[in-house]
Amino acid sequence: MFNLILFGPPGCGKGTQSTNILTTYQLNHISTGDLLRDEVSRQTTLGLEAKKFMDNGLLVPDEVVIGMIGSKIDGNRDARGFIFDGFPRTTAQAEALDNLLKEKNAAINTVLSLEVPEEELVRRLVSRGITSGRSDDTEEVIAKRIKEYFAKTEPVAGYYHSFQKLVRVPGNGSIEETFAILKKEIEKHISPA
Ligand code: AMP
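The text that follows walks through the structure, step by step, so that each part is easy to find.

Cut-offs and rules
- Residues numbered from 1 in each chain as written.
- Predicted model: local features only at pLDDT ≥ 70, side-chain atom pairs only at ≥ 80, totals over all residues.
- Heavy atoms only, no water.
- Near = heavy atom within 4 Å.
- Polar contact = N/O pair within 3.5 Å; in protein donor to acceptor, adjacent residues only side chain to side chain.
- Areas by Shrake-Rupley, 256 points an atom, 1.4 Å probe, with all protein chains shown as cover.
- Helix = DSSP H or I, 4+ residues; strand = E, 2+ residues; numbered from the N terminus.
- Pairing = 2+ DSSP bridges.
- Axes fitted to C-alpha atoms, helices over the stretch in contact; angles between N-to-C directions.
- Expected span 1.5 Å × (residues − 1).
- Buried < 20%, exposed > 50% of the residue type's maximum accessible area, 1.4 Å probe, protein only.
- Arc of directions from axis to C-beta.
- Contact = heavy atoms within 4.5 Å.
- Core = buried A, V, L, I, M, F, W, Y, C linked by side-chain atoms within 4.5 Å.

**Notes on the site of the ligand**
Here comes step 1: As a matter of local geometry, the ligand sits amid 16 residues, with Thr32, Arg37, Leu58, Gly86 and Gln93 nearest to it.
Here comes step 2: Between the ligand and Leu58 there is a distance of 2.6 Å, counted from an oxygen atom to a backbone nitrogen or oxygen.
Here comes step 3: Burial of the ligand by the protein amounts to 95% of the accessible area it has alone, namely 480 Å².
Here comes step 4: With four residues, helix 2 (residues 32-41) is the largest single contributor of residues to the shell around the ligand.

Structure representation (structure tokens):
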């Protein structure tokens, strides 16, 4: 099993690059943002609770997201591997993920961190907001999401660096240029499917 984390701030291109990666390497995609938005649109109890945090640009509590990830991994036992997008976002989530994978005799193989200057992140998110219809792609909430990233999520890079799993990748080129760099890193571990 090959397990990859696509890491980086909101707007760094995780979602776009995940789509490229999962079709080329046939990995299962787990995006906690997508899972949460699905819960919100179905107005489940979890979704209604999560929405309060999401609309304010804050992280949803760890136990909520960790529970969702656990059931996703269990439901895809035959997967070639997983690409984690937007998860883990705290060190507690990273530790929980390690434990969940250990139970399956698996581990995170590599963490690819997309590095994009902050002004470019804001520019991308504001322009996405015009078409995405996402309630958290407004200038005010974007600023809070980026602040939350640097306070709680950036330290997760240090966690993976301590296990020699972190690879920093420039993410401000074109989609194709960035994908080419990611491919080179991924093919140190697996070949296209
Ligand atoms: P995203 O689509 O990854 O930008 O996530 C949108 C929002 O969902 C975030 O701003 C958080 O409120 C919430 N969210 C997504 N993933 C996580 C996570 N791993 N931990 C906590 N909150 C999350």
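**A closer look at the sheet that holds strand 1 (residues 2-7)**
Here comes step 1: An order of 2-3-1-4-5 is seen for the five strands of this open sheet, with the pairing classed as parallel. Because the sheet does not close on itself, it has two edges, and the strands there are strand 2 (28-31) and strand 5 (166-170). Adjacent strand axes in the sheet meet at a mean angle of 20 degrees, parallel and antiparallel pairs treated alike.

**A short note on helix 1 (residues 14-25)**
An α-helical turn contains 3.6 residues, so a residue and the one three or four places further along point in the same direction.
Here comes step 1: When the terminal C-alpha atoms of helix 1 are compared, their 16 Å separation across twelve residues agrees well with the 16 Å that a helix rising 1.5 Å per residue should span.
Here comes step 2: Taken residue by residue, helix 1 has Lys14, Gln17, Ser18, Ile21 and Tyr25 as its buried positions. For helix 1, the buried positions fall inside an angular range of 110 degrees around the axis, keeping them on one side.
Here comes step 3: Buried residues belonging to helix 1 abut strand 1, strand 2, strand 3 (81-85), strand 4 (110-115) and helix 8 (175-186).
Here comes step 4: Gln26 sits one or two positions beyond helix 1 and adopts a positive phi of about 50 degrees.

**Quick word on helix 2**
Here comes step 1: Three or more residues of helix 2 are buried, namely Thr32, Gly33, Leu35, Leu36 and Glu39. Projected down its long axis, helix 2 carries its buried residues within an arc of 165 degrees, all on one side.
Here comes step 2: Buried residues belonging to helix 2 abut strand 2, helix 3 (45-54), helix 4 (62-74) and strand 3.
Here comes step 3: Two residues or fewer past helix 2, Gln43 is found with a positive phi of approximately 55 degrees.

**Looking at the nonpolar core**
Here comes step 1: Membership of the largest hydrophobic core comes to 29 residues, with the highest contact counts inside it found for Ile5, Ile69, Ile73, Phe84, Leu97, Ile108 and Tyr160.
Here comes step 2: Counting only elements with at least two residues in this core, the list comes to strand 1, helix 2, helix 3, helix 4, strand 3, helix 5 (91-102) and helix 7 (139-161).
Here comes step 3: Residue contributions to this core peak at five residues, all from helix 7.
Here comes step 4: In this structure Phe84 touches Asn3, Leu4, Ile5, Leu6, Ile30, Ile69, Ile73, Leu97 and Ile108, once residues within four positions along its chain are discounted.

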